[in-house]
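Next come the chains, spelled out residue by residue.
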Amino acid sequence: MSLRQRLHRIEDLVLAVMGIGLLLLAGLQVCLRALGGGVEWFDPLLRTMTLWLAMLGALVATREGRHLHIDLLARRLAERFGAWPGRLVLLFSTAVCVVLAQASYELVKLEYEGGAAAFAAVPNWLAMAILPLAFAWMALRFALQMIWPATAEPHA
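Throughout what follows, the structure given in this document is the object of discussion. (Residues numbered from 1 in each chain as written. Predicted model: local features only at pLDDT ≥ 70, side-chain atom pairs only at ≥ 80, totals over all residues. Heavy atoms only, no water.)

A few words on helix α4 (residues 84-114). With 31 residues, α4 should cover 45 Å at 1.5 Å per step; its first-to-last C-alpha distance of 45 Å lies within 8% of that length. Within α4 the residues assigned to the buried category are Pro 85, Leu 90, Ser 93, Thr 94, Cys 97, Ala 101, Ser 104 and Val 108. Following α4 by one or two positions, Gly 115 adopts a phi angle in the positive range, close to 75°. (Helix = DSSP H or I, 4+ residues; strand = E, 2+ residues; numbered from the N terminus. Expected span 1.5 Å × (residues − 1). Buried < 20%, exposed > 50% of the residue type's maximum accessible area, 1.4 Å probe, protein only.)

So, about unusual backbone geometry. Positive phi, close to 45°, is recorded for Ala 120, a residue that is not glycine. Mapped onto the elements of the fold, Ala 120 is located in the loop between β1 (117-119) and β2 (122-123). For Ala 120, a relative accessible area of 48% gives the class partly exposed.

One can find Phe 135 in helix α6 (residues 130-147). You can call Phe 135 buried: its relative accessible area is 16%. Separated by 39 residues in the primary sequence, Phe 135 and Val 96 place their C-alpha atoms 8.9 Å from one another. Among residues more than four places away in sequence, those in contact with Phe 135 are Met 55, Cys 97, Leu 100, Ala 101 and Ser 104. (Contact = heavy atoms within 4.5 Å.)

Shape is all these values report; function is a separate question.
This is how it looks when you write it as structure tokens:
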């Protein structure tokens, strides 16, 4: 098994565990509230888990080429110009993810300096750390798909 396949399995496993954990904790919170209680920091924890789940899902979607993209023009131009329009779309996607990674890094830095807690004793910056990491990883994936389309990560 290659390193890339191992990384894919780890991504898939973390995504599955986080999804199941989110469902179980949300169900537990609903039950506790029905009984007149609930854990105060579960709601911010669930919001943080939702953010992480969404970003990890975006990573998997990028890996499998199932991300949202608008490439109608690139498809039409591909008939005439080959792979270049698709590569331009990937270049644009890479650039957008780089900008988002940088902006979210700055946000995480500000949260680190602020020192506020997201839930329990977990700081806000740690809860938001997935943002620059995921956007940087997606930028890398788009760039690799642009440079080496033949070795782009396979679907499914």
